[in-house]
Amino acid sequence: MQRLRSWLLQSVAAGIAGVAGAYAVAGFMPAFITGTLAAYLARVTPGVVVTFAITVLGDLGKLLSVVGALVLSVLLFASLALLALAIGDAVRSTVLAPVVAAAAVFGVGTLLTGAPLASLVGGAAAGLVLAAAPIADRVDVGEVSPARRRTLGTIGAALAAVGIGYPLGVARTPRDENGEVTDPEVSALLREAGDKSLAVEGLEPLVSDEFYQVDINAADPTIDADDWTLSVTGAVETPFAVTYDELTSMESREVFNTLRCVGESLNGTKMDNALWTVVPMTPILERAGVDDQCCVMLRAADGFYEEFPVAALKRGLLAYRMNGRPLPRGHGHPVRALIPGHWGEINVKWATEMEILDRPAEGYWEMRGWHGTGPVNTVAKLHVTNRLEGNRIQVAGHAYAGTRGISAVEVSTDGGRTWSDATLSEPLPGADVWRQWAYEYDSPGERHEVVVRAIEADGTVQSAEQAGPFPNGPSGWVRRELQG
Ligand SMILES: Nc1nc2c(c(=O)[nH]1)N[C@H]1C(S)=C(S)[C@@H](COP(=O)(O)O)O[C@H]1N2
Ligand SMILES: [Mo]
């Protein structure tokens, strides 16, 4: 019993040290054991569970998947360490267990992640932790019992591995460029967006401060722009590849473009706007000689893929800068697709391949039951409620209708019986941009229901039909009860 407990402690400590060691070299990348296992978990988790994680749990779901993968990585390395302890015990050698554990973590780690150096350091860390107990056994420090010395030695070694490995891994994880914006056109447009943003306390400006992120994996790919190419394959006469230099020397434009995730809740926050530097997809499609082929499968470095009709792709864009800086790693560095007016998922990040198809095929989310490549649903969000002086109430949010555009937002403060026009932010240039709205009124002094609805550019009133996100995206008017 005593020995089993000591073995378990030693193996879990070795597992933790192994993961810390691998992290020190790999950082939070797909080749870090936890990133690899998280990606594997995402692939084998049934679609309904993933849908629940996205639509109900949201960012918590993502956190849980990372924590789950972290626990799994520790358990994996710990079980290898336990096996090593058993082997060492069988041949009555204290030297063997650390060596076997180090070799096993190195071997299994390399096999799973394809990263020998990170696995080597992880193996060494795990081995050192197993060596700590027999070493502590021999250091005689008077009062402390041998069992206690072994325990303290083991825990101390694991803590040291984490203490050293964690900061090293953080430093290894690439950071986005955050330099000054130097392009005068970009600066002018960003200033315009700032000036046009409504001065409402707590309301996100027209260019989002924090752009939401949705990924199939916990650890995002890291791609050097110099190594990146976009290959055009499939039903074309001659496949070819476009390099980053070729892409960025095409004539570019600055466009404001809003994205919204099909999996967000009705009044959720997975809707944001940025200024993107883009080139059109058409020259690439023309070079591929695409004419009557039906569709394109956009494929990405993280294993994501989405299918889209060729005809609609003709309005598609490839973006390589965001708000005047190189595309951040989390948003698809170095190049992503932008398809104006369509749900977020078709805006494939880390795009590496355009496969031309003769026949329709299903994309990653469509295989899991979603219909998320079409035009976005119209929405008016209510994110801000401010109590102003003199019993005034201010409500505000963003309205978005993709390329159909927003011409008005109407607010009801009596549950939908009467409606008034909200103030709208001046439109930003661009075919697919949200607007802000704000509305002030005297508090009725009692509980009342605020309802918001958007009016599209052609006068169409946002659909009142209530629907949850799965499978076609959320629909309906946002309502909020206020206590007078
Ligand atoms: N390669 C890749 N592209 C992707 C995704 C992904 O997981 N992998 N997620 C999609 C989804 S569901 C959305 S809503 C948008 C979100 O883009 P953002 O993370 O830049 O906000 O990216 C889309 N493109
Ligand atoms: Mo999405």
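Residues numbered from 1 in each chain as written. Chains lettered and ligands numbered in written order. Predicted model: local features only at pLDDT ≥ 70, side-chain atom pairs only at ≥ 80, totals over all residues. Heavy atoms only, no water.

Draft legend 1. Fine view of the overall build of the protein chain. What the protein chain contains, in helices and strands, is eleven helices and 19 strands. With respect to the principal axes defined by its C-alpha atoms, the protein chain has extents near 85 × 70 × 45 Å. A buried classification covers 50% of the 484 residues belonging to the protein chain. When contacts within the protein chain are restricted to residue pairs at least 6 apart in sequence, those whose partners lie at least 24 apart make up 73%. When the accessible area of the protein chain is evaluated, it comes to approximately 22,300 Å², of which 57% is carbon and sulfur surface. Looking at the protein chain, you have 37 positive and 54 negative side-chain charges, and the mean spots of the two groups are 9 Å apart. (Helix = DSSP H or I, 4+ residues; strand = E, 2+ residues; numbered from the N terminus. Buried < 20%, exposed > 50% of the residue type's maximum accessible area, 1.4 Å probe, protein only. Contact = heavy atoms within 4.5 Å. Areas by Shrake-Rupley, 256 points an atom, 1.4 Å probe, with all protein chains shown as cover. Lys, Arg positive; Asp, Glu negative; His and termini not counted. Charge placed at Lys NZ, Arg CZ, Asp CG, Glu CD.)

Draft legend 2. Spotlight on empty space enclosed by the protein. Inspection of every chain in the model, using the stated rule, returns two cavities of 30 Å³ or more. Empty space within the largest cavity amounts to approximately 340 Å³. What lines the largest cavity is a set of 23 residues, among which V214, F304, G344, E345 and K349 lie closest to the centre. Looking at the lining of the largest cavity, its residues break down into 14 nonpolar, four polar and five charged. What lines the second largest cavity is simply A22, A26, A31, F32, I33, F77, G109, T113, A118 and S119. (1 Å grid on protein atoms, 1.4 Å probe; cavity = no way out; pocket = protein on both sides within 12 Å on 5 of 7 lines; lining within 4 Å. Points joined across faces, edges and corners; volume = space filled by probe spheres on them. Nonpolar A, V, L, I, M, F, W, Y, C, P; charged D, E, K, R; others polar.)

Draft legend 3. Seen up close, the state of the cysteines. What the rule picks out here adds up to one disulfide. Linked covalently through their sulfurs, C294 and C295 form a disulfide whose S-S length is 2.2 Å. A torsion of -95 degrees about the S-S bond marks the disulfide between C294 and C295 as left-handed. (Disulfide = S-S within 2.5 Å.)

Draft legend 4. Structural context of the pattern of salt bridges. This structure, assessed with the given rule, holds 15 salt bridges. Among the ionic pairs, K62 bridges to D215, the shortest N-O distance being 3.1 Å. A residue pair is termed long-range when its members are at least 10 positions apart, and K62 in helix α4 (residues 59-90) and D215 in the loop between α8 (184-196) and β1 (229-234) qualify at 153 residues. Residue class for K62 comes out partly exposed when judged on its relative accessible area of 30%. D137 is paired through a salt bridge with R150; the nearest N and O atoms lie 3.0 Å apart. With D137 in helix α6 (residues 116-138) and R150 in helix α7 (residues 146-172), the pair connects residues that are 13 residues apart, well separated along the chain. For D137, a relative accessible area of 32% gives the class partly exposed. Among the charged side chains, a salt-bridge network with shared partners connects K62, D215 and K349. (Salt bridge = Lys/Arg side-chain N within 4 Å of Asp/Glu carboxyl O.)

Draft legend 5. Quick look at the site of ligand 1. Taken together, 19 residues form the shell around ligand 1, and within it Y212, D302, H331, R336 and K349 come nearest. V214 places a main-chain nitrogen or oxygen 3.0 Å from a nitrogen atom of ligand 1. Take H331: an N or O atom from its side chain is 2.6 Å from an oxygen atom of ligand 1. Taken by itself ligand 1 offers 530 Å² of open surface, and the protein chains cover 99% of this. Placement of ligand 1 is best described as lying within the largest cavity. (Near = heavy atom within 4 Å. Polar contact = N/O pair within 3.5 Å; in protein donor to acceptor, adjacent residues only side chain to side chain. Sits in = over half its atoms within 2 Å of the grid points.)

Draft legend 6. Focus on the nonpolar core. In terms of nonpolar packing, the biggest core is built from 80 residues, with L247, I284, M354, V395, V409 and W437 touching the most fellow members. Tallying contributions element by element places strand β5 (residues 295-300) first for this core, with five residues. The next biggest cluster of nonpolar side chains, apart from the first, holds 32 residues, and it includes W7, A14, A69 and F77. (Core = buried A, V, L, I, M, F, W, Y, C linked by side-chain atoms within 4.5 Å.)

Draft legend 7. Structural detail: the side chain of T173. With respect to the helices and strands, the residue T173 is situated in the loop between α7 and α8. With near-sequence residues (within four places) excluded, T173 lies in contact with Y23, G27, F28 and R329.

Draft legend 8. The packing of aromatic side chains, seen in detail. By the definition in use, this model includes 13 aromatic pairs. Where Y23 meets F32, the ring centres are 5.2 Å apart and the plane angle is 55 degrees; that geometry is what we call tilted. Like Y23, the residue F32 is buried in the burial classification. Seen from their ring centres, F211 and Y212 are 5.6 Å apart, and the 20 degrees between their planes marks the pair as stacked. Across the pair, exposure class does not vary: F211 and Y212 are buried alike. Of the aromatic side chains, those joined through ring pairs into one cluster are Y23, F28, F32 and Y166. The aromatic ring of Y364 is capped on one face by R368, whose charged end is 3.7 Å from the ring centroid. Between R453 and the ring centre of W419, over which it is positioned, the NZ or CZ distance is 3.7 Å. (Phe/Tyr/Trp six-rings, centres within 6.5 Å; stacked < 30°, edge-to-face > 60°. Lys NZ or Arg CZ within 6 Å of the ring centre and 35° of its normal.)

Draft legend 9. Here's a closer look at the packing of α4 against helix α5 (residues 96-113). Relative orientation of the contacting elements α4 and α5 amounts to 145 degrees, with a least axis distance of 8 Å. Note that α4 runs across α5; the crossing there is right-handed. Only L96, A97, V100, A101, A104, V105, V108 and L112 of α5 make contact with α4, whose side of the interface consists of L76, F77, L80, A81, A84, L85, I87 and G88. When its residues are assigned to classes, the contact of α4 with α5 shows 15 nonpolar, one polar and no charged. (Axes fitted to C-alpha atoms, helices over the stretch in contact; angles between N-to-C directions. Left-handed = near helix turned anticlockwise from the far one by under 90°.)

Draft legend 10. Local environment of helix α1 (residues 2-26). When the terminal C-alpha atoms of α1 are compared, their 36 Å separation across 25 residues agrees well with the 36 Å that a helix rising 1.5 Å per residue should span. One or two residues past the end of α1 sits G27, with phi positive at roughly 65 degrees. (Expected span 1.5 Å × (residues − 1).)

Draft legend 11. Structural detail: the pairing of β5. Counting buried positions along β5 yields five of six residues, so the element is predominantly enclosed. Where β5 meets strand β6 (residues 305-309), five bridges bridge the pair, whose relative direction is antiparallel. Its bridge partner lying in β6, V296 is registered against F308. Summarising the sheet, β5 and strand β10 (residues 351-357) pair through six bridges and their orientation is antiparallel. (Pairing = 2+ DSSP bridges.)

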